[in-house]
Amino acid sequence: MKEKIILGIDPGTAVMGYGVIRVTDGHAEMLVTGVIDLRKISDPYLKLGKIFERVTGVIDAYLPD
């Protein structure tokens, strides 16, 4: 049984979306979807820090290929 974990990111500077799927033998299963809402953060460096923190957390949790 061949399995692959795929992370997809919908980039954005105000709202950023992400999703993780597992594909096993051609069958896709949604593992998680989420949104990072950055509209209340005006400092671009803080936005990048928040994006890094959340995306790193998703990567650590699901270990995408």
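Residues numbered from 1 in each chain as written. Predicted model: local features only at pLDDT ≥ 70, side-chain atom pairs only at ≥ 80, totals over all residues. Heavy atoms only, no water.

Before going further, it helps to examine the overall build of the protein chain. When helices and strands are counted, the protein chain shows 1 helix and 3 strands. The C-alpha radius of gyration of the protein chain comes to 14 Å, more than 25% above the 11 Å expected for a compact globule of 65 residues. Once the C-alpha set of the protein chain is aligned to its principal axes, its extents read approximately 45 × 15 × 10 Å. Buried residues in the protein chain amount to 22% of all 65 residues. A separation threshold of at least 6 residues defines the contact pool for the protein chain, and within that pool the share at least 24 residues apart is 30%. Summed over its atoms, the accessible surface of the protein chain is roughly 4800 Å², and 58% of this surface lies on carbon and sulfur atoms. Taking the average location of the 8 positive side-chain charges in the protein chain and that of its 9 negative ones, the two points are 5 Å from each other. (Helix = DSSP H or I, 4+ residues; strand = E, 2+ residues; numbered from the N terminus. Rg over C-alpha atoms; globule rule 2.2 N^0.38 Å. Buried < 20%, exposed > 50% of the residue type's maximum accessible area, 1.4 Å probe, protein only. Contact = heavy atoms within 4.5 Å. Areas by Shrake-Rupley, 256 points an atom, 1.4 Å probe, with all protein chains shown as cover. Lys, Arg positive; Asp, Glu negative; His and termini not counted. Charge placed at Lys NZ, Arg CZ, Asp CG, Glu CD.)

The next subject is helix α1 (residues 44-62). In this model α1 runs 27 Å from its N-terminal to its C-terminal C-alpha over 19 residues, within 8% of the 27 Å that 1.5 Å per residue would give. Buried within α1 are the following residues: Lys47, Val55 and Val58. Relative to the axis of α1, the buried residues are bounded by an arc of 55 degrees and lie together on one face. Across α1 from its buried face, at more than 90 degrees, point the exposed residues Tyr45, Leu46, Phe52, Glu53 and Asp60. Lining the buried residues of α1 we find β1 (3-10), β2 (15-24) and β3 (27-37). Regarding α1, its N-cap is Asp43, as a side-chain oxygen of that residue lies 2.7 Å from the backbone nitrogen of Tyr45 further along. Two residues or fewer past α1, Leu63 is found with a positive phi of approximately 50 degrees. (Expected span 1.5 Å × (residues − 1). Arc of directions from axis to C-beta. Polar contact = N/O pair within 3.5 Å; in protein donor to acceptor, adjacent residues only side chain to side chain.)

Taken in spatial order, the 3 strands of this open sheet run β1-β2-β3, and their pairing is antiparallel. Every interior strand has two partners, whereas the edge strands, β1 and β3, have only one. Strand-to-strand twist across the sheet, computed as the mean angle between neighbouring axes with direction ignored, equals 15 degrees. Judged from the 8 bridges that link them, β1 and β2 form a sheet pairing that is antiparallel. Bridge assignment links Ile6 to a residue of β2, and that residue is Ile21. (Pairing = 2+ DSSP bridges. Axes fitted to C-alpha atoms, helices over the stretch in contact; angles between N-to-C directions.)

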